[in-house]
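Report on the structure
Letter by letter, the chains look like this.
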Amino acid sequence: MHKTLVKMVSKRRLSKSEDKESLTEDASKTRKQPLSKKTKKSHIANEVEENDSIFVKLLKISGIILKTGENQNQLAVDQIAFQKKLFQTLRRHPSYPKIIEEFVSGLESYIEDEDSFRNCLLSCERLQDEEASMGASYSKSLIKLLLGIDILQPAIIKTLFEKLPEYFFENKTSDEINIPRLIVSQLKWLDRIVDGKDLTAKIMQLISIAPENLQHDIITSLPEILGDSQHADVGKELSDLLIENTSLTVPILDVLSSLRLDPNFLLKVRHCQQEVVGALVTHICSGNEAEVDTALDVLLELVVLNPSAMMMNAVFVKGILDYLDNISPQQIRKVFYVLSTLAFSKQNEASSHIQDDMHLVIRKQLSSTVFKYKLIGIIGAVTMAGIMAADRSESCSLTEERANLSNEQCTQVTSLLQLVHSCSEQSPQASALYYDEFANLIQQEKLDPKALERVGHTICNDFQDAFVVDSCVVPEGDFPFPVKALYGLEEYNTQDGIAINLLPLLFSQDFAKDGGLVTSQESGQKLVSPLCLAPYFRLLRLCVERQHNGNLEEIDGLLDCPVFLTDLEPGERLESMSAKERAFMCSLLFLTLNWFREIVNAFCQETSPEMKGKVLTRLKHIVELQIILEKYLAVTPDYIPPLGNFDVETLDITPHTVTAISAKIRKKGKIERKQKADGSKPSSSDTLSEEKNSECDPTPSRRGQLNKEFTGKEEKTSLLLRNYHAFFRELDIEVFSILHCGLVTKFILDTEMHTEVTEVVQLGPPELLFLLEDLSQKLESMLIPPIARRVPFLKNKGSRNIGFSHLQQRSAQEIVHCVFQLVTPMCNHLENIHNYFQCLAAENHGVVDGPGMKVQEYHIMSSCYQRLLQIFHGLFAWSGFSQPENQNLLYSALHVLSSRLKQGEHSQSLEELLSQSFHYLQNFHQSIPSFQCALYLIRLLMVILEKSTASTQNKEKIASLARQFLCQVWPSGDKEKSSISNDQLHALLCIYLEHTDSILKAIEEIAGVGVPELINSPKDVSSSTFPTLTRHTFVVFFRVMMAELEKTVKKIEPGTAADSQQIHEEKLLYWNMAVRDFSILINLIKVFDSYPVLHVCLKYGRLFVEAFLKQCMPLLDFSFRKHREDVLSLLETFQLDTRLLHHLCGHSKIHQDTRLTQHVPLLKKTLELLVCRVKAMLTLNNCREAFWLGNLKNRDLQGEEIKSQNSQESTADESEDDMSSQTSKSKATEDGEDDEVSAGEKEQDSDESYDDSD
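Some remarks on the nonpolar core
If you look at the biggest cluster of nonpolar residues, it comprises 370 residues, and the most contacted ones within it are Leu558, Ile738, Phe876, Trp1071 and Phe1108. Of the residues forming this core, the biggest block, 17 residues, is contributed by helix H48 (residues 1091-1119). Excluding anything up to four places from it in sequence, Leu558 contacts Phe463, Val468, Ile498, Ile500, Phe537, Leu540, Trp595 and Ile599.

Following this line, the structure appears as structure tokens:
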């Protein structure tokens, strides 16, 4: 398989080396496919365009017949004859030159129809006999022909440039024609340009506003559009653009080398090149991972596209060799790829200097005893060998001289690889890394077959000598456990049976480490490490695969053969084993698992049923061994497994489990301490600690949250083993072709296939879950941006990338393309699981977790369901679909989904496919087994929805579905905890409120109906309307409702006095509803008074008051006189809310909770501003006498007075309840009541001052 870079380069070369009409010709071929896009006016297919416009008439006279529908315009005469005839007709017309304007106006009207415009851009159909034509063998488009007429060219160019922006974001039509690119192609290779300066100016202006992909196309087309006389002008413009826009560096540098420019100017542009390259090198040496990756990618593209220019800047690039300590193994590969490409692309003095420097660095690093530096040497040497071999294969010819050169380079490659081998054989980790890097080289087809033959001829023999023994001869030795040949797939009764000698090798290695004598090894024979078993087999497999065109028959015995192990199931002896014995068993299990994982990698694409069955059996063995391994790991603390991946920066890699366990202990201790400290209710304290930790922990384990409710063994195993991800061999992306095997669950087997004699190749639920877990992790690593990922914190830098080395050597496009081949089988699995839960619910009378349910199977199937939805979500949420070249992939995948619903035509529009795909996926809501699955289904539907233009109706479906999930009773998890994690409930609740048509009504329903049901229910009972609303989850509902309420009122425009009366009334009504919701919500703190609830109230209470100040008060300014009663009612309600916020400040102070009191100063200041603002509003409306101050006493949340030893009045505190004073005063004055009525209701806080907290 070729590297991504090679594909990308060939693609760009294609666009540059195309002939002058390739785009037109390609589009002409494509247009023969059925078209589905509707035109703006209906036409009968193959009908001749008939209208009275001068444009159509003159074309017909000159020899072109315009056709409607999908047929090409017809050219009845020779192309040159047409141009001559039309020119003469226009020139001799009585109204010339006005006729030009009329003709072009007719063209503009005609191409308003999209199909007509497309036909004008595509080649014409020739009606005359080909032999009679003396012109070119291809036919030009109508637009191209018109551009060839001098008197029309400027006006036609102007029309095209005005038309082009309409298609900036519609890159392809439904028949795969790229209109913008097609328009640009019309300007290429014109015989004459009438006004070159005007065309240059228009093109540069277009580049400044075009999307990036079109900018690239236009820039790379410039040499084919402009004449030599315009090269100087455009070169100057491009050199300026080079400095302004770094994203266009590659195409600009590429084009500058193709333009005829003044040597002095080129020299100047080249300081400029040095500046660019120097800046890239600086970024690479910075050590910042994101900067290094981006800069290396740009440098790679520059080196491949413009090696001669980069060779002049080689001295800068070479400087990276001094900063290799700061970059990751994957980045080291890129660095050596860049340097090797420069060093071996052309044989000259500069390249030989780079070669010498690289050899010096590699030898120095290989000789180091520190693994980190040896790693640099191994990766660098193997990468360089790949470039050397690739260069030879490209430049090889049949001449003797070339053949000799090829042999010389082949010798250099083999010598370099032998040097690496000899320098790494004393270290098992270094040897394993070398085998892996060498295998990568073969897999990417970078190594010449002759070099592979020279280096690889001993690989098979060496592997047999090191790891393979006779299965009938049980090894003898002082082993801690009895050795047995296990996991053989066939009976080995004959003398030629083989086995993998694993346990004896591991014992020898561990015994040697302890300083003992290695009795099982002959004197003088080097010690073979079992660590190298899986990497060496990978190398062997790829050698055989490459040399035999994919046929692995030579080594298929390794798929069947047993492994020398011991009884692995611990049983009752687990507790009696010593720590050293348990660690030995753990290592044995890790090595066995990695052996089987590489076996599955090797034989996963075998097609015969017998081989498929064996691969599935090995997959089953992996799942079984993982369960056993988990038992050992649970009682073997501080155990560090043998490495499974070796391109790591340090050998000191530790699992994540120790950190996770200690964090769990700290969390538990924090809960207990909190209960003792304040004596609050257990439910409140549980919520308090969980909420606080979930807010403060920046990287909670998503997998841990997703599996809180699972009790099945496989789920607990996968949860624990994910912490050991770095110690398992990476599964190749090709392994997931196994998903094409059918899924037959035990449920179906018991009823339908129990008596079947024929063995059926099938993928069981545990094996399916194993594959889906791994695929999900791969997509998360490759397709989700690092910022959006929630990865558990690991101790070592870059360790989150460990285990994805092979994956990261492919592009995201390649990964997506591979996974999209699995959409059909994944839909099959999704539907099978859907049917499983439907049948289960039917059997249990609608209760999915009824008494007759098989718990373990249920949880495995539930996890498979979740992972499938997660994978689909990751695929369709990929940002790469915004790029035009990936639209075909999206179209194909959507077609698969829509065809599951009904067999549709291939010519469906994208909008139709999106709608049908949405409907298909929406149908799965009936069988969703867990809240986690529900959330992923909603997110998947949202991703599909985002790509649609008609989203209003589907948006309501999202809200309806989200509400349905919130109102659904979900299977419970552990007795002490809910099966729904707070983060996921938060996410789904946000989705519901963001998609509902009336957020205020939705909040009022939850807070006004659901919460009272909860308050009036027993302790462990949830709300009847919203079963997801419990005492544990109340804080989540409360936080989301407060946040969404504040967010929605911020969006309300304050309006102006010039707005209509109706707008004022609507906005006033909206604010009345919003304040009513706010009042309902904050009054809940009288019942739910735990820290998280109070914290939310303080934070979002202040933000709501700020929004009221900015958005509502201007409205009240000019609504007061006409809607006095409504305004006073609104302020009176809000007065009670602000009073409660004030009481909350006093509560926080008296309880001395610094987590709450830190919010008090800002809240009090905001309340003070509100009082001043209301006073200003009343003054503006000549009602200033209604404003007065009173005294407010400190009260707690229940309204009880707080006795204070030191009462101090402050301006800030006095002003807190001023707003309530003046609103009540306004009301009282209007009603003719005594002022004292209002005054008697006002109490002023005298305990704390704003200054105290400032």
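Some points on helix H8 (residues 153-163)
For H8, every residue scored as buried is listed here: Gln153, Ile156, Ile157, Thr159, Leu160, Phe161 and Lys163. Looking at the packing, one finds that the buried side of H8 touches helix H5 (98-110), helix H6 (114-121), helix H7 (142-147), helix H9 (179-186) and helix H10 (196-209).

A few points about the sheet that holds strand S1 (residues 64-65)
Ordered in space as S1-S2-S3, the three strands form an open sheet in which the pairing is mixed. Two strands in the sheet have a free side with no partner beyond their single neighbour: S1 and strand S3 (125-126). Taken together, the two bridges between S1 and strand S2 (residues 74-75) define a ladder with antiparallel strand orientation. Bridge pairing links Ile65 to Gln74 in S2.

Quick look at the pattern of salt bridges
Tallied over the full model, the rule gives 35 salt bridges. Lys236 is the partner of Asp240 in a salt bridge, and the nearest nitrogen-oxygen pair spans 3.8 Å. One end of the pair, Asp240, and the other, Lys236, are both in helix H12 (residues 231-244), four residues apart, so they sit about a helical turn from each other. Between Arg729 and Asp436 there is a salt bridge; the shortest N-O distance is 2.8 Å. Within this pair, whereas Arg729 is found in the loop between helix H33 (713-721) and helix H34 (746-752), its partner Asp436 is found in helix H22 (residues 428-443), the two being separated by 293 residues in sequence. Its relative accessible area of 8% is what places Asp436 among the buried residues.

Overview of the packing of aromatic side chains
Here a ring pair, both rings aromatic, is described through the centre-centre distance and the interplanar angle of the planes. Applying the stated criterion across every chain yields a total of 38 aromatic pairs. Judged by centre distance (5.4 Å) and plane angle (90°), the rings of Phe837 and Tyr858 are edge-to-face. Of this pair, Phe837 sits in helix H38 (residues 823-843) while Tyr858 sits in helix H39 (residues 855-876), and the two are 21 residues apart along the sequence. The pair formed by Phe837 and Tyr858 is uniform in burial state, with each residue classed as buried. Taken together, Tyr434, Tyr435, Phe438, Phe463, Phe467, Tyr536, Phe537 and Trp595 form an aromatic cluster joined through their ring pairs. Lying over the aromatic face of Tyr936, Arg939 brings its terminal NZ or CZ to 5.9 Å of the ring centre. A cation over an aromatic ring shows up here: Arg1155 above the ring of Tyr1091, its NZ or CZ 3.9 Å from the ring centre.

Conventions we followed
- Residues numbered from 1 in each chain as written.
- Predicted model: local features only at pLDDT ≥ 70, side-chain atom pairs only at ≥ 80, totals over all residues.
- Heavy atoms only, no water.
- Core = buried A, V, L, I, M, F, W, Y, C linked by side-chain atoms within 4.5 Å.
- Buried < 20%, exposed > 50% of the residue type's maximum accessible area, 1.4 Å probe, protein only.
- Helix = DSSP H or I, 4+ residues; strand = E, 2+ residues; numbered from the N terminus.
- Contact = heavy atoms within 4.5 Å.
- Pairing = 2+ DSSP bridges.
- Salt bridge = Lys/Arg side-chain N within 4 Å of Asp/Glu carboxyl O.
- Phe/Tyr/Trp six-rings, centres within 6.5 Å; stacked < 30°, edge-to-face > 60°.
- Lys NZ or Arg CZ within 6 Å of the ring centre and 35° of its normal.

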